[in-house]
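# Reading the structure
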Amino acid sequence: MSLAELAAEHGLKRVGARPPFWRYVADAWHRRDFVVALAMYRLRAGLEGNRLGVLWLVLQPTLNALIYGTIFYVIQRGTDPIQFAAHVVIGVFLFQFFQRSMTQGAKSITGNQSLVQSLAFPRITLPIAEVVEEFLSLMPSIAVLFVILPFLGHWPAVEWLLIIPLLALFTLFNTGIALFTARLTVHVRDLTQLLPFLARILFYTSGVLFDVNKIFEQHPSIIEFYDFVPIYQVLQMARDALLGGHDYNPLYWLYFSIWSVGAFVIGLLFFWVAEERYGRD
């Protein structure tokens, strides 16, 4: 009789065994209060040592927008400074949500080895908690953005409500990316060193700081390529909702919905398959 058969005969179960997929999802859902509590605790802990506290959640992306915006405004001569300022602020605020979800999600398992090795719980709650934390960090920036825009000539409109479903899709997309990178870094620890470089490349190439239609006006094939870049789609939809202009492809909503659901489902399955390896590798 094998050890597995002997264990089954006595009703023993393998410690840390990967549960069936739907039971795994249900267990994670039942721990949603833990996810939110962990995200809020980490957010508070990260701010308690700073004199300005929660203000840094707004100051950091705002300073980044000011510095990068100034540099790229000088490069792109002839750009309307007021319109460009709103363009850059929206881009930087939203891109930081993606960037930090990806990089912090990548460290969610490797950075919590003692917790992973000590307790039995769905490991998926850790990368999701990182995304929730970044979402909570984004909210003050969005609130400040709503205050800034009227001073830049963009008054509240019904279209502003589109930011709600857009952020929901964006959070779903970022969760899928975080799950994907969380597992990859368990196998390849050096990935945590490479992801910041990847994020920087995406930052400079995804239309955060420039108008794709203007820069590549003479290269329509490149503009068509950007129609299928998910980060660019998010930024353009957000800018259209908050600034107006309708300078984007309406099919972006369909494209990005597919991107978001696809990224989340693939990331979820990819992470679940290796559940038994977390804390052992």
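The structure under discussion appears in the preceding block.
Quick summary incoming for the structure in this document. Remember, predicted model here, so these are calculated numbers, not experimental data.

What follows deals with the overall build of the protein. Looking only at helices and strands, the protein has 13 helices and zero strands in total. Seen in sequence order, the protein has helices and strands lined up from the N terminus as α-α-α-α-α-α-α-α-α-α-α-α-α. Counting only residues that meet the buried cut, the protein has 45% of its 281 residues in that class. Summarising the internal contacts of the protein: among those between residues at least 6 apart in sequence, 78% fall at separations of at least 24. Surface summary for the protein: the accessible area is close to 15200 Å², and the carbon and sulfur share equals 67%.

To continue, consider the packing of aromatic side chains. Scanning the model with the defined rule gives 20 aromatic pairs in all. Summarising the aromatic geometry, the rings of phenylalanine 21 and tryptophan 272 are spaced 5.3 Å apart at their centres and angled 80 degrees between planes, so their arrangement reads as edge-to-face. Highlighted residues: phenylalanine 21 in helix α2 (residues 21-30) and tryptophan 272 in helix α13 (residues 252-273), separated in sequence by 251 residues. Owing to a relative accessible area of 16%, phenylalanine 21 belongs among the buried residues under this scheme. Given a relative accessible area of 15%, tryptophan 272 falls into the buried group. Within the aromatic cluster, the residues linked to one another by ring pairs are Phe95, Phe97, Phe98, Phe135, Phe170, Phe173, Phe203, Tyr204 and Phe256.

Here α2 has its buried residues at Phe21, Tyr24 and Ala28. The arc enclosing the buried residues of α2, seen along the axis, measures out at 60 degrees, which places them on a common side. Along α2, exposed side chains directed more than 90 degrees from the buried face belong to Trp22, Trp29 and His30.

This part covers α13. Between its first and last C-alpha atoms α13 spans 31 Å; for 22 residues at 1.5 Å apiece the expected length is 32 Å, and the two agree. Structurally, α13 contributes buried residues whose contacts are with α2, α7 (125-151), α8 (163-187), α11 (220-226) and α12 (230-243).

A separate point is the nonpolar core. Core analysis: the largest hydrophobic core is formed by 51 residues, its most contacted members being Leu94 and Phe170. The set of elements that each furnish at least two residues to this core consists of α5 (81-106), α7, α8, α9 (191-205), α11, α12 and α13. Among the elements that make up this core, the one with the highest residue count is α5 (13 residues). Leucine 94 has contacts with Leu138, Ile142, Leu167, Phe170, Val234, Leu235 and Ala238, leaving out every residue within four places of it along the chain. With 19 residues, the next largest nonpolar core counts Val116, Ile124, Leu179 and Trp272 among its residues.

Along the polypeptide, glutamate 133 turns up in helix α7. Although glutamate 133 lies buried, it forms no salt bridge, and the closest oppositely charged side chain, arginine 42, sits 5.0 Å away as judged by the N-O distance. Excluding its chain neighbours within four sequence positions, the residues that come into contact with glutamate 133 are Ala39, Arg42 and Leu43.

Attention now goes to the packing of α12 against α13. With their axes 10 Å apart at the nearest point, α12 and α13 run at an angle of 135 degrees to one another. On the basis of their axis angle, the class for α12 and α13 is oblique. Crossing angle aside, the handedness with which α12 passes α13 is left-handed. In contact with Pro230, Tyr232, Gln233, Val234, Gln236 and Met237 of α12, α13 contributes Tyr252, Trp253, Tyr255, Phe256 and Trp259. Residues that form the contact of α12 with α13 fall into these classes: nine nonpolar, two polar and no charged.

Another aspect to go through is the pattern of salt bridges. Any two side chains of opposite charge can pair if their charged atoms end up close together. One pass over the full model with this rule turns up two salt bridges. Here arginine 42 makes a salt bridge to glutamate 130, at a shortest N to O gap of 2.9 Å. Placement of the pair is arginine 42 in helix α3 (residues 32-48) and glutamate 130 in helix α7, with a sequence separation of 88 residues. Glutamate 130 shares its class with arginine 42; the two are buried.

The next point concerns a nonpolar patch on the surface. Together, Val158, Leu161 and Ile164 give the surface a local cluster of nonpolar side chains, amounting to about 340 Å² of exposed area. Within the element layout of this structure, valine 158 appears in the loop between α7 and α8.

Attention now moves to the side chain of arginine 183. With respect to the helices, strands and loops of the structure, arginine 183 is situated in helix α8. Excluding residues that lie within four positions of it along the chain, arginine 183 makes contacts with Phe270, Phe271, Val273, Ala274 and Tyr278.

About the thresholds
- Residues numbered from 1 in each chain as written.
- Predicted model: local features only at pLDDT ≥ 70, side-chain atom pairs only at ≥ 80, totals over all residues.
- Heavy atoms only, no water.
- Helix = DSSP H or I, 4+ residues; strand = E, 2+ residues; numbered from the N terminus.
- Buried < 20%, exposed > 50% of the residue type's maximum accessible area, 1.4 Å probe, protein only.
- Contact = heavy atoms within 4.5 Å.
- Areas by Shrake-Rupley, 256 points an atom, 1.4 Å probe, with all protein chains shown as cover.
- Phe/Tyr/Trp six-rings, centres within 6.5 Å; stacked < 30°, edge-to-face > 60°.
- Arc of directions from axis to C-beta.
- Expected span 1.5 Å × (residues − 1).
- Core = buried A, V, L, I, M, F, W, Y, C linked by side-chain atoms within 4.5 Å.
- Lys, Arg positive; Asp, Glu negative; His and termini not counted.
- Salt bridge = Lys/Arg side-chain N within 4 Å of Asp/Glu carboxyl O.
- Axes fitted to C-alpha atoms, helices over the stretch in contact; angles between N-to-C directions.
- Parallel < 35°, antiparallel > 145°, perpendicular 65-115°, else oblique.
- Left-handed = near helix turned anticlockwise from the far one by under 90°.
- Nonpolar A, V, L, I, M, F, W, Y, C, P; charged D, E, K, R; others polar.
- Patch = residues over 30% accessible without salt bridge, like charges linked within 9 Å, V, L, I, M, F, W, Y side chains within 5 Å.

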